[in-house]
Amino acid sequence: MDTAAAETPRDTRAGEAPAIRVRGLVTRFGSHTVHDGLDLDVRRGEIIGVVGGSGTGKSVLLRAIVGLLKPAEGGIEVLGQSVRDTSDADYRRLRRRWGVMFQDGALFSSLTVRQNVEAPMKEQLHLDTPLRETLAAIKVRMVGLPEVAMDKFPAELSGGMRKRAGFARSIALDPEIVFLDEPTAGLDPIGAAAFDTLIRQLQAALGLTVFLVTHDLDSLHAICDRIAVLAEKRVLAVGTMAEMMEVDHPWVREYFHGPRARAALDAGGVH
Amino acid sequence: MRKTVHQPSAPPAQPVRFILEGPRLALSGRLDIAALEGLDRPRSLRMAEGCRGIDVAGLERVDTAGAWFLVALQQRAGEGVAITGAAPGTAQLIETVRRNLAPPAAAKGRATPLLDRLEAFGRKSDRAGRKALSLVSFLGQVVAAIAMLPVRPRRLRLTAMVHHCQEAGLAAVPIVALMAFLIGVVLAFQGATQLRQFGAEVFVVDLIAISVLRELGILLTAIIVAGRSGSAFTAAIGAMKMREEVDALKTLGLDPIEILVVPRVLALIVMLPVLGFIADVSGLIGGALMSWIELGVSPAVFQSRLVTNTDVWHFGVGMIKAPFFALIIAIIGCYEGLSVGGDTDSLGRLTSTSVVLSIFMVIVMDALFSIFFAVVGV
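Conventions and cut-offs
Residues numbered from 1 in each chain as written. Chains lettered and ligands numbered in written order. Predicted model: local features only at pLDDT ≥ 70, side-chain atom pairs only at ≥ 80, totals over all residues. Heavy atoms only, no water. Helix = DSSP H or I, 4+ residues; strand = E, 2+ residues; numbered from the N terminus. Expected span 1.5 Å × (residues − 1). Buried < 20%, exposed > 50% of the residue type's maximum accessible area, 1.4 Å probe, protein only. Contact = heavy atoms within 4.5 Å. pLDDT = per-residue confidence, 0-100. Pairing = 2+ DSSP bridges. Axes fitted to C-alpha atoms, helices over the stretch in contact; angles between N-to-C directions. Salt bridge = Lys/Arg side-chain N within 4 Å of Asp/Glu carboxyl O. Polar contact = N/O pair within 3.5 Å; in protein donor to acceptor, adjacent residues only side chain to side chain.

Trainee: Quick question: what am I supposed to make of helix α13 (residues 344-376) of chain B here?
Mentor: Structurally, the α-helix is built with 3.6 residues per turn, so residues lying three or four positions apart point the same way. Residue and element names in this part refer to chain B. Taking 1.5 Å of rise per residue, 33 residues should cover 48 Å, and α13 covers 48 Å from first to last C-alpha, within 8% of that figure. Those residues of α13 not exposed but buried are Ser346, Leu347, Leu350, Thr351, Ser354, Val355, Ser358, Val362, Asp366, Phe369 and Phe373. Contact partners of the buried residues in α13: α8 (204-242) and α12 (312-338). One or two residues past the end of α13 sits Gly377, with phi positive at roughly 75°.

Trainee: Whenever I open this one, the confidence of the model for chain A confuses me. Can you help?
Mentor: Detailed reading of the predicted coordinates is not advisable wherever pLDDT falls low. Residues and elements named next belong to chain A. Averaged over all residues, the pLDDT of chain A equals 81, while 92% of them reach at least 70. Strand β8 (residues 209-213) holds the highest mean pLDDT among the elements of chain A, 90, whereas helix α1 (residues 2-7) holds the lowest, 41. Considering only residues more than four positions removed or in separate chains, one finds that residues 1-14, a stretch of pLDDT under 50, has 25 contacts.

Trainee: When you look at the sheet that holds strand β5 (residues 81-82) of chain A in this model, what are you seeing that I'm missing?
Mentor: Each strand in a sheet pairs with its neighbour through backbone hydrogen bonds, running either in the same direction (parallel) or in the opposite one (antiparallel). All names here are of chain A. Across the sheet, four strands lie side by side as β2-β1-β4-β5; this open sheet has antiparallel pairing. Looking at which strands have only one partner, the edges of the open sheet turn out to be β2 (32-42) and β5. Summarising the sheet, strand β1 (residues 20-29) and β2 pair through eight bridges and their orientation is antiparallel. The residue of β2 that forms the bridge with Arg28 is Thr33. Helix α2 (residues 58-65) contacts β1, β2 and β4 (73-78) of the sheet and is inclined by roughly 115° relative to β1.

Trainee: Sorry, what's going on with the interface of chain B and chain A here?
Mentor: Taken together, the contact between chain B and chain A spans 25 residues of the former and 28 residues of the latter. Linking chain B to chain A there are one salt bridge. Asp128(A) is the partner of Arg41(B) in a salt bridge, and the nearest nitrogen-oxygen pair spans 2.3 Å. At the boundary of chain B and chain A, one finds four residue pairs in polar contact (both at pLDDT 80 or more). Among the elements of the structure, α1 (33-37), α3 (64-77), α4 (88-99) and α13 of chain B are those that each provide at least two residues to the side of chain B that touches chain A.

This is the structure:
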């Protein structure tokens with residue numbers, strides 16, 4: 001599994017800051033503390049899967065890292081730059097280097113699929129229209145959407161197609177990091193597997209770092225280089241699938257040794 | 001080549017440079033979307049013409065856009081020209097992009113603009129016709145559901161109806177009363193200025209009474225209610241439709257019309273006449289006040305002239321129209337709500353359609369009533 005990530009060009013740059021570095025993160029909603037002193041490092045060029053029970057703050061962590069949510073305390077660095085203590089201009093430039101795909105794609109409903117993918121290019125760069133259209137069309141085809149979907153509106157697409165289109169938009173500017181929030185939730189097993197393959201392929205081709213929030217044991221097993229388990233308001237364990245199997249914590253044991261986990265492992269062949 | 005503007009965000013590599021080494025085109029630097037932004041593409045592409053090989057070993061960063069450009073260079077150079085020296089990741093990316101290039105475009109028959117317009121007009125008319133038809137059929141369904149109520153009175157959702165009476169009726173009293181009061185004031189003031197020229201000040205009472213009771217009171221109330229409650233009906237039902245709550249009702253064997261539409265329609269049919277009555281009273285008070293201040297017509301004179309000179313039918317005509325206006329507003333509001341699709345866009349669009357259409361239909365209905373009452377001579 002690790003070999004595929006090692007091939008990507010970005011991983012070879014030694015001594016670079018990690019893609020994401022979270023230190024002592026505390027987030028609160030009123031009196032309810034979601035994270036309490038959370039630490040997490042994401043290496044460049046890896047696919048990290050973030051798992052955890054409902055309400056452990058997986059999506060909250062994602063939103064804190066991309067700056068949609070202001071943490072109470074703690075430092076967050078992305079690509080060596082602080083997300084919190086930075087000027088607006090720096091933050092804008094930094095934002096261009098990542099892409100986010102929300103749970104249901106969060107496509108702009110008034111734009112077609114192609115226009116959705118063009119939107120980031122239009123806002124961030126001064127490309128001429130034919131070039132923009134060509135590049136957007138390549139991205140739409142890259143995520144495996146059929147030609148007819150190009151000029152359809154999000155409401156006319158199925159859930160799986162919306163997710164693909166959301167993914168296409170998140171990689172529109174060839175970002176260095178993509179954040180994917182439950183990309184395979186609600187997809188049929190075949191669609192989910194195809195999406196896993198797609199993420200793997202694009203990760204290899206574009207040298208992406210992927211921050212994947214998921215519950216899908218199959219995709220954890222199939223594409224993640226490392227897995228981070230969120231529990232007890234912090235990252236309880238980080239490591240490969242094999243290392244996760246060894247962790248001695250009731251929730252982690254339940255999660256990775258439960259019947260569904262075993263089925264996923266059997267299907268993938270134990271590593 | 002122009003300098004790119006977005007320099008600090010990218011790695012410190014220079015934007016792409018082209019060097020022709022004999023038959024070989026060598027590229028170096030950074031070839032990403034930002035570099036492409038500042039590139040004179042036609043000129044760069046021309047450089048590939050006639051070259052025998054493209055060497056990309058000097059490139060530092062290649063993204064999808066860069067890979068596309070390399071493929072474009074290669075296509076321009078002609079058959080059999082290879083891209084050499086690509087890093088494994090870049091080579092893979094170039095292949096990925098090549099696989100995903102546009103399929104050879106099938107020549108699209110471009111219709112003339114006039115024909116396009118005609119077609120669009122035809123489609124629009126067809127859609128409008130269908131909508132009118134389905135609106136009428138929806139009206140039929142609702143009326144049928146209401147007609148069945150005396151047979152099976154337990155089907156009426158009384159709690160929901162009372163709730164909507166409060167929301168659409170009671171809560172609208174202050175705004176409706178204020179609006180009508182101000183209309184009375186304005187009518188009295190404008191009427192006074194004109195009537196004083198003839199010394200016919202006292203006729204201001206007739207002016208106010210007839211216009212408020214017969215037309216303005218109920219019409220303006222209906223418009224306010226359409227804006228307040230018609231839109232609320234569309235938004236509430238539309239949001240439920242979007243979240244599949246309406247479908248959930250159907251699968252539970254419940255009729256959305258019975259549960260969502262009938263209580264709203266009945267609530268509005270009950271409340272709009274009440275609101276209209278409040279508007280009438282409030283308008284007359286406003287008119288009387290202004291007549292007193294501006295013309296010195298005392299409230300007692302206003303009252304006696306109102307009672308003796310104004311046919312009670314003026315009031316009746318206004319009140320008769322109220323339930324019909326209510327039906328129009330509620331039916332259109334609920335119908336548009338149920339037409340909301342899966343997207344957020346349609347919710348906003350249909351809410352505004354609902355308000356515009358119901359106000360328009362209320363005015364059309366008012367015009368029809370005018371003709372009707374003129375014919376029967378009331």
